[in-house]
Amino acid sequence: MTTAAPELLKVPEVMAQLKIGRSKVYDLIRTHRLASIKIDGCRRIPANAVRDFIDGRLKGDAS
């Protein structure tokens, strides 16, 4: 049985989903608040990492 690879998003796609700028996306990556990988110099963010980030913010804001 094979497992499906996670959907990988480009930085502009994450910018659009989170309604934030490019610099902020890279800041979240740099500070390890948003997981990402590099493939031959191209930064990719797993879609589940974006969901985890949002869920974490919702839980943090509810506290």
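Everything discussed here concerns the structure shown above.
Definitions and limits used
Residues numbered from 1 in each chain as written. Predicted model: local features only at pLDDT ≥ 70, side-chain atom pairs only at ≥ 80, totals over all residues. Heavy atoms only, no water. Helix = DSSP H or I, 4+ residues; strand = E, 2+ residues; numbered from the N terminus. Buried < 20%, exposed > 50% of the residue type's maximum accessible area, 1.4 Å probe, protein only. Pairing = 2+ DSSP bridges. Arc of directions from axis to C-beta.

Caption draft 1: Focus on the overall build of the chain. Secondary structure assignment for the chain yields three helices and three strands. Mapped in sequence order, the helices and strands of the chain form the string β-α-α-β-β-α. Viewed in the frame of its principal axes, the chain has a C-alpha envelope of about 40 × 30 × 20 Å. By residue count, 24% of the 63 residues in the chain fall in the buried class.

Caption draft 2: Spatial organisation of the sheet that holds strand β1 (residues 8-9). The strand order across the open sheet formed by three strands is β1-β3-β2, and the pairing between neighbours is antiparallel. Each having just a single partner strand, β1 and β2 (37-39) make up the two edges of the open sheet. Here β1 pairs with strand β3 (residues 42-46) via two bridges, running antiparallel. Of the residues in β3, the one forming a bridge with Leu 8 is Pro 46.

Caption draft 3: Representation of unusual backbone geometry. At Lys 19, a residue that is not glycine, the phi angle is positive and equals roughly 55°. Among the secondary structure elements, Lys 19 is positioned in the loop between α1 (11-18) and α2 (22-30). Looking at Lys 19, the relative accessible area reads 71%, which means it is exposed. Of note in the backbone geometry, His 32 takes a positive phi value of approximately 65° without being a glycine. Topologically, His 32 is positioned in the loop between α2 and β2.

Caption draft 4: Looking closely at the pairing of β3. Sheet topology note: the β2/β3 ladder contains three bridges and is antiparallel. Bridging from a neighbouring strand, Ile 39 pairs with Cys 42 of β3. Counted between consecutive antiparallel strands, the loop separating β2 from β3 contains two residues, among which Asp 40 sits at a positive phi close to 50°.

Caption draft 5: Up close: α1. When we look at burial in α1, the residues that qualify are Val 11, Val 14 and Leu 18. For α1, the angular spread of buried residues about the axis comes to 60°, placing them on one side. Of the residues trailing α1, Lys 19 is marked for its positive phi of about 55°.

Caption draft 6: A look at α2. Within the sequence span of α2, burial applies to Val 25, Asp 27, Leu 28 and Ile 29. Once α2 ends, the next one or two residues include His 32, with phi positive near 65°.

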